[in-house]
Amino acid sequence: MYLASDNTSGVPEQVLAALTAANDGFALGYGADALMDRVRDKIRALFEAPEAAVYLVATGTAANSLAIASYIQPWQTVYCHRHAHIEEDECCAPEFYAGGAKLTLLDGADAKIDADQLEQGLASAPGGVHHVQKGLLSLTNITERGARYSVAEVTRLCAIAKAHGLPVHLDGARFSNAIVAEGCSPAEMTWKAGVDVVSFGGTKNGLMGVEAVVFFDPAKAWEFELRRKRGGHLFSKHRYLSAQMDAYLTDDLWRDLATTANARAAALEAGLREAGARLVHPRGGNILFAEFPLKAHEALRKAGAVYYDWPAPPPEGASPDHPHQCRLVASWSTTEAHVADFVEILKGAL
């Protein structure tokens, strides 16, 4: 019953086997390995983008920050939701890598940007020399509150951004979960909708530590390469990044892992509803936010369940019936038994 996060799970056997195979012999460094050539071809095929520039880094923060920095100047701003990952969880890394560019925070239910607010904000933004300049729109899918932007929603937000001359970045740490849940292709969720650059996440979906940055405009490739090197994120023994991503893309492993995580989350959602728990946000993929009495939390934790209080721990001295919220995240390695045990304990405590 380990539901703290999908990055707490282990690594699938296929990925470990790929790393072992990559460890044999010698390979050129810094991304010149033959495995990276194969990864590039596979990602281009997956995204239906034969000219795309493809790079690997080890963390989502590096992927997002370096991608964003490749599109904006220090005097510009990134429009994002106030609960976007780049705002809540990256310690100002996007601002740091972009040389001081700021974030302009927008609202919207379930951490999804409200399209009308974006339109109004861009239309009313002053453009004089005394003001921050419009720079880029960043979307997070799946959102930090577990919801999902549909293809139609991404398309609308991109159209608004493009009407004001802004490029669009998609933070896809859980991109695979969004694609599986939406039932669309990676191309439909990205460049066909108007996205310019995407962080195609791997770490939260079973990889040891690798994310792909995909530029649909190859003109940005050289700048990204320089920023990646200058920022300390160009791996010398790059083949170990390549091997993970190659295994991820082989036989649609990325899709299978996300499908399992989403299915476990769906089963957990059904169990929570049956038990009478309140769902705080709609489930868009593999993340749930739920509310139920503190006595049930205590029973679950006593039985070994691990998850996060959200947004804060319960108040000191709260009664056993005090309603308390939490975040529950299913992963590729969450089992049907984990879900069944969690629901059974919850029901028994209510």
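Residues numbered from 1 in each chain as written. Predicted model: local features only at pLDDT ≥ 70, side-chain atom pairs only at ≥ 80, totals over all residues. Heavy atoms only, no water.

As for the environment of Tyr149
In step 1: Relative to the helices and strands, Tyr149 resides in the loop between β4 (133-140) and α7 (151-163).
In step 2: Exposure remark for Tyr149: the relative accessible area of 2% places this residue in the buried category.
In step 3: Here the alpha-carbon distance between Tyr149 and Met208, two residues 59 residues apart in the chain, equals 27 Å.
In step 4: Those residues in contact with Tyr149, other than ones at most four positions away along the chain, are Ala111, Lys112, Ile113, Leu139, Thr140, Asn141, Thr143, Val154, Leu157, Glu182 and Met189.
In step 5: Engagement of the side chain of Tyr149 in a polar contact is seen with the backbone nitrogen of Ile113, the distance being 2.7 Å. (Helix = DSSP H or I, 4+ residues; strand = E, 2+ residues; numbered from the N terminus. Buried < 20%, exposed > 50% of the residue type's maximum accessible area, 1.4 Å probe, protein only. Contact = heavy atoms within 4.5 Å. Polar contact = N/O pair within 3.5 Å; in protein donor to acceptor, adjacent residues only side chain to side chain.)

Concerning the sheet that holds strand β9 (residues 287-293)
In step 1: An order of β8-β9-β11-β10 is seen for the four strands of this open sheet, with the pairing classed as antiparallel. Strands with a single pairing partner mark the edges of an open sheet, and in this sheet they are β8 (278-279) and β10 (308-309).
In step 2: Note: β8 against β9, two bridges, orientation antiparallel. Bridging across to β9, Arg278 finds its partner in Glu291.
In step 3: The strands touched by helix α13 (residues 294-302) within the sheet are β9, β10 and β11 (323-329), with β9 carrying the most contacts at an inclination of about 115°. (Pairing = 2+ DSSP bridges. Axes fitted to C-alpha atoms, helices over the stretch in contact; angles between N-to-C directions.)

Overview of the pattern of salt bridges
In step 1: Scanning all chains against the criterion turns up 19 salt bridges.
In step 2: Here Glu153 ties to Lys112 by a salt bridge, and the two come within 3.1 Å at their closest N and O atoms. With Glu153 in helix α7 and Lys112 in the loop between β3 (102-106) and α6 (115-124), the pair connects residues that are 41 residues apart, well separated along the chain.
In step 3: Classification of Lys112 by relative accessible area gives buried; the value is 17%.
In step 4: Where Asp252 meets Arg255, a salt bridge forms, and the shortest distance between an N and an O atom there is 3.9 Å.
In step 5: Using a relative accessible area of 34% as the deciding quantity, one classes Asp252 as partly exposed.
In step 6: Taking relative accessible area as the criterion, Arg255 reaches 27% and is therefore assigned partly exposed.
In step 7: Salt bridges here are not isolated pairs; linked through shared partners, they connect Arg38, Lys42 and Asp246. (Salt bridge = Lys/Arg side-chain N within 4 Å of Asp/Glu carboxyl O.)

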